[in-house]
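# Secondary and tertiary structure notes
Read off the chains here:
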Amino acid sequence: MGRGVTGPSLIGGVILTELRQIVDKRGAVLHMLRSDGPDHVPMGECYFSEILPGAVKAWKRHRLQTQNLAVPVGRVRLIVYDDRESSSSHGTVETYTLGRPDAYFRVRIPAGLWYGFSCVSETSALLANCTDRPHDPSESDARSLDDPAMPAVWGPSGAVEHQS
């Protein structure tokens, strides 16, 4: 259903990092990024995206901006697609299922990759995105959910079928 590992992915430049959770009887502290961490990049903007159960937000690609995604609430299916002609992972598609308690990861998506996500939990999910530059709509591209050029079709409840 999705990767649950830390480290480089099959797609060049995508990095999965397991995030620290400090949990006690009162709740949890959830880490995401640290300025003194080995993978720190300058922050341009941090925002949250709420995804309703079964809803899909796809497809998007940034030409300059790097995404750092984590899911502190709910469960999200994330698909990343590499259509970069010069990439050694050209044509590769990866699917990740993110969310607590067992899949609290940060996924770094570099510029140039297509991505989309859906809520696969019974309640709304919250996706955090800390980018390396402020949002600029002129540097991104979007495609519809059912674009035949994309490698997956998003179905009911966020279900995914990969196209051949």
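In this report, we go over the structure that sits alongside the text.

### Describing the overall build of the chain
Along the chain, the regular secondary structure elements total zero helices and 15 strands. Across the 164 residues that make up the chain, the buried fraction comes to 42%. Partitioning the intrachain contacts of the chain with sequence separation of at least 6 by distance along the chain shows that 79% fall at a separation of at least 24. Roughly 8,500 Å² of accessible area belongs to the chain as shown, and the carbon and sulfur atoms make up 54% of that amount.

### Concerning unusual backbone geometry
Omega for the peptide link from Ala 58 to Trp 59 comes to -10°, which places this bond in the cis form. Within the element layout of this structure, Trp 59 appears in strand E6 (residues 56-62).

### Description of the pairing of strand E7 (residues 67-73)
The element E7 is largely enclosed, with a buried count of six among its seven residues. As defined by bridge partners, E7 adjoins strand E10 (residues 105-109) across three bridges and the pair is classed as antiparallel. The residue of E10 that forms the bridge with Leu 69 is Val 107. In terms of strand pairing, E7 meets strand E12 (residues 125-131) through three bridges, oriented antiparallel. When the sheet's bridge partners are listed, Val 73 is paired in E12 with Leu 126.

### Observations concerning the nonpolar core
The biggest cluster of nonpolar side chains holds 21 residues, and the ones touching the most others in it are Val 14, Leu 78, Val 80 and Ile 109. Within the residue set of this core, elements represented by two or more residues are E7, strand E8 (76-81), strand E9 (93-98), E10, strand E11 (114-119) and E12. Not counting residues within four places of it along the chain, the set of residues in contact with Val 80 comprises Ile 11, Val 14, Thr 92, Val 93, Glu 94, Tyr 96, Ile 109, Leu 113, Trp 114 and Tyr 115. Ranked by size, the runner-up nonpolar core spans eight residues in total, among them Ala 58, Trp 59, Ile 79 and Met 150.

Rules and cut-offs
- Residues numbered from 1 in each chain as written.
- Predicted model: local features only at pLDDT ≥ 70, side-chain atom pairs only at ≥ 80, totals over all residues.
- Heavy atoms only, no water.
- Helix = DSSP H or I, 4+ residues; strand = E, 2+ residues; numbered from the N terminus.
- Buried < 20%, exposed > 50% of the residue type's maximum accessible area, 1.4 Å probe, protein only.
- Contact = heavy atoms within 4.5 Å.
- Areas by Shrake-Rupley, 256 points an atom, 1.4 Å probe, with all protein chains shown as cover.
- Pairing = 2+ DSSP bridges.
- Core = buried A, V, L, I, M, F, W, Y, C linked by side-chain atoms within 4.5 Å.

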